[in-house]
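For reference, the chains in residue letters:
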Amino acid sequence: MTYAPYALAVWLLVAGLFGIVASKNLIHLALCVTVAQSGTYVLLLAIGYRKHATAPIFSDVPRSRRAVDPVVQALTLTDIVVGLTVAALLLAQAVKAHEHTGTLDPAELREMQG
Amino acid sequence: MTRSARIILCAAGLAGLVALLAWGVAGLEPFGHYPGPYGTVLNSVEPHERHAANVVSAVVFDYRGVDTLGEELILFGAVMGLAFLLRENREENTRGVRDRVPSEALRAVGLVAVPVVVLLALDLVAHGYLTPGGGFQGGVAAAAGLLLVYLAGDWRAMRHAGPLPVVDAAEAAGASGFLIVGFATLIASGAFLENLLPLGTFGKLTSGGTIPVANWCAGLEVSAAFVLIFLEFLEEIMAEREAK
Amino acid sequence: MIGAQISALALVAAFALAVVLVHDVLRSAVLYGIYGLMLVVLFVVFQAPDVALSQLVVSTVAFPVIIVTALAKVARRERRRR
């Protein structure tokens, strides 16, 4: 249990990378990029976690209570929204690629027709 | 290179990457033993310094406000890039497309659900620095509420509820509002995004100084940006419909 | 607490594998929505409610919308081309 969340972060990154390489469809590729990104979210939150601590919000718990790290949560929070933006741009490029070449398969997109 | 050759090569490379990452991760503290001083110091200092109950919101909009400014500008630029990519060959005017949802039951559910979702989103943004929530979460939820107008109603209603010039102006207002707060505090005290407004009482809506202002600017910008993203993607579909 | 954490970790790992290995894009998109929900559970168990809220609205609302519209655009263009 001591290193399981870090192992999950590595698993997500590796699974996402494998999905990018083995993908047969550009839209599925965008999904795999997002899976790889979520590995970093898990890693950040796992670093900030403290045993038997509560969320860093003191509206209902006394201020002396131990809380987890708020900085990594702030980083992850904005990271998620930016991740969606990246995926939206990837999907727009996939739609454009299909318009110009007629296929969504990354393997068939390699040749540049002059 | 065939696909199977690519996969085998990738597997070999990923094995090396896993070994490297495992060695790196083994050097971290065990899960649950948080070592660093940064989080502990912020948790103990922030309620006294900023009077905001949600420390994460205080970190996002005050202590690390420049990161959030950068993230907002990323969102702004990405929406511009998306519009540039998708509007390139789209001459068809989608003004004539109605795309009405035929089921009356769905329209009735939408009629009830849309105000509830929008109010919930506004509540998330407003209480963002007191309870879990904030500008980003509430902004995406508000954009989802506007999307629900299309999903449970028709396309023309969504175009009327969120006309493009208004949404563009809202996004620009949100992004520039954040910048204006930063520059105003720079002029007033010499530090960018310094918290200069009165701090108020802990736990009330008037706490936090400049945090509520930054919170609302971020909420406005994020909701407008996501509405623009949805509108761009949906216009593509409507253009196909018109061309048929 | 430990049981909740272990089961959340296992579910996230399983659904990530499912998203990556399923090649039909529509099914992959639906699986991604469920994967996002598993991530939300994991973030709540890690005592991060703000992050969980952000992940919830992004992965259950925004993501499936843009994926399904991109798919629909591609499918319509294919049908028109035939």
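The model shown is predicted, which means the values in this text are computed figures rather than measured ones. (Residues numbered from 1 in each chain as written. Chains lettered and ligands numbered in written order. Predicted model: local features only at pLDDT ≥ 70, side-chain atom pairs only at ≥ 80, totals over all residues.)

Caption draft 1: Up close: the overall build of chain A. The number of helices and strands found in chain A is three helices and zero strands. Along chain A, helices and strands appear, N-terminal first, in the series α-α-α. Once the C-alpha set of chain A is aligned to its principal axes, its extents read approximately 70 × 30 × 15 Å. Split into buried and exposed, the 114 residues of chain A put 56% on the buried side. (Helix = DSSP H or I, 4+ residues; strand = E, 2+ residues; numbered from the N terminus. Buried ≥ 20, exposed ≤ 12 C-beta atoms within 10 Å, placed from the backbone.)

Caption draft 2: Examining the overall build of chain C more closely. Helix and strand content of chain C: three helices and zero strands. N-terminal to C-terminal, the α/β element order of chain C is α-α-α. In terms of overall dimensions, chain C has a C-alpha envelope of 55 × 25 × 10 Å along the principal axes. In chain C, which comprises 82 residues, the proportion classed as buried is 51%.

Caption draft 3: How the structure looks around the interface of chain A and chain B. Each side of the interface is counted separately: chain A has 41 residues, and chain B has 45 residues. Elements represented by at least two residues in the side of chain A that touches chain B include exactly helix 1 (4-22), helix 2 (26-48) and helix 3 (70-101) of chain A. Residue contributions to the side of chain A that touches chain B peak at 15 residues, all from helix 3 of chain A. Considered class by class, the residues forming the side of chain A that touches chain B number 29 nonpolar, seven polar and five charged. (Contact = placed C-beta atoms within 7 Å. Nonpolar A, V, L, I, M, F, W, Y, C, P; charged D, E, K, R; others polar.)

Caption draft 4: Region of the structure containing the environment of Arg50(B). Tracing the chain through its elements places Arg50(B) in helix 2 (residues 37-50). Put simply, Arg50(B) and Phe202(B) are 152 residues apart on the chain and 8.4 Å apart in space, counted from C-alpha to C-alpha.

Caption draft 5: Fine view of helix 3 (residues 55-63) of chain B. Where burial is concerned, most of helix 3 of chain B is hidden: nine out of the nine residues are buried. Residues of helix 3 of chain B that are buried include every one of Val55(B), Val56(B), Ser57(B), Ala58(B), Val59(B), Val60(B), Phe61(B), Asp62(B) and Tyr63(B), and no others.

Caption draft 6: Spatial organisation of the packing of helix 2 of chain A against helix 1 (residues 2-21) of chain C. Helix 1 of chain C packs onto helix 2 of chain A with a crossing angle of 155° between their chain directions and a minimal axis gap of 9 Å. Between helix 2 of chain A and helix 1 of chain C, the interaxial angle falls into the category roughly antiparallel. Seen from above, helix 2 of chain A lies across helix 1 of chain C with left-handed handedness. Where helix 2 of chain A approaches helix 1 of chain C, its residues Leu31(A), Cys32(A) and Val35(A) are matched on the opposing element by Ala16(C), Val19(C) and Val20(C). In the contact of helix 2 of chain A with helix 1 of chain C, the residues fall into six nonpolar, no polar and no charged. (Axes fitted to C-alpha atoms, helices over the stretch in contact; angles between N-to-C directions. Parallel < 35°, antiparallel > 145°, perpendicular 65-115°, else oblique. Left-handed = near helix turned anticlockwise from the far one by under 90°.)

Caption draft 7: The arrangement of the nonpolar core in detail. In terms of nonpolar packing, the biggest core is built from 140 residues, with Leu45(A), Leu91(A), Val140(B), Ile229(B), Phe230(B), Ala62(C) and Ile66(C) touching the most fellow members. Here this core gets 18 residues from one element, more than from any other, and that element is helix 9 (residues 211-243) of chain B. In this structure, Ala62(C) is in contact with Leu84(A), Val140(B), Phe226(B) and Val57(C), ignoring residues within four places of it in sequence. (Core = buried A, V, L, I, M, F, W, Y, C linked by C-beta atoms within 7 Å.)

Caption draft 8: Seen up close, the interface of chain B and chain C. On the side of chain C, 16 residues touch chain B, which itself brings 18 residues to the contact. Taken together, the elements giving at least two residues each to the side of chain B that touches chain C come down to helix 6 (135-151) and helix 9 of chain B. Element by element, the count of residues in the side of chain B that touches chain C is highest for helix 9 of chain B, at eight residues. Here the residues of the side of chain B that touches chain C are counted per class, giving 13 nonpolar, three polar and two charged.

Caption draft 9: Representation of the packing of helix 1 of chain A against helix 1 of chain C in the model. The interhelical angle for the contact between helix 1 of chain A and helix 1 of chain C, taken along N-to-C directions, is 5°, at an axis separation of 9 Å. Here helix 1 of chain C runs roughly parallel to helix 1 of chain A, going by the angle between their axes. Within the contact between the two elements, helix 1 of chain A uses Ala4(A), Pro5(A), Leu8(A), Trp11(A), Leu12(A), Ala15(A), Gly16(A), Phe18(A) and Gly19(A) and helix 1 of chain C uses Leu9(C), Val12(C), Ala13(C), Ala16(C), Leu17(C) and Val20(C). Tallied by class, residues from the contact of helix 1 of chain A with helix 1 of chain C come to 13 nonpolar, two polar and no charged.

Caption draft 10: Quick peek at the environment of Met38(C). All names here are of chain C. Tracing the sequence through the fold places Met38 in helix 2 (residues 25-45). For Met38, a count of 20 C-beta atoms within 10 Å translates into the label buried. Considered as a pair, Met38 and Ser59 are 21 residues apart in the sequence and their alpha carbons are 10 Å apart. Beyond its immediate stretch of four places on either side in the chain, Met38 contacts Ala8, Leu11, Val12 and Phe15.

Caption draft 11: Spatial organisation of unusual backbone geometry. All names here are of chain A. Backbone geometry places His52, a non-glycine residue, at a positive phi of 55°. Position of His52 relative to the elements: it lies in the loop between helix 2 and helix 3. Residue classification places His52 among the exposed residues on the basis of 7 C-beta atoms within 10 Å.

Caption draft 12: Structural detail: helix 1 of chain C. Between its terminal C-alpha atoms helix 1 of chain C stretches 29 Å, which fits the 28 Å expected from 20 residues at 1.5 Å a residue. Contacts from the buried residues of helix 1 of chain C go to helix 1 and helix 2 of chain A together with helix 2 of chain C. (Expected span 1.5 Å × (residues − 1).)

Caption draft 13: Fine view of the environment of Gly102(A). Positionally, Gly102(A) belongs in the segment after helix 3. Between the alpha carbons of Gly102(A) and Leu26(A) there is a distance of 12 Å; along the sequence they are 76 residues apart.

Caption draft 14: Representation of the confidence of the model for chain C. Residue and element names in this part refer to chain C. Chain-level pLDDT for chain C is 92 on average; 99% of the residues reach the 70-or-more range. Confidence, read as mean pLDDT per element, is least for helix 3 (residues 49-81) in chain C (91) and greatest for helix 2 (95). Overall fold confidence (pTM) sits at 0.91, and the ipTM for the predicted complex is 0.90. (pLDDT = per-residue confidence, 0-100.)

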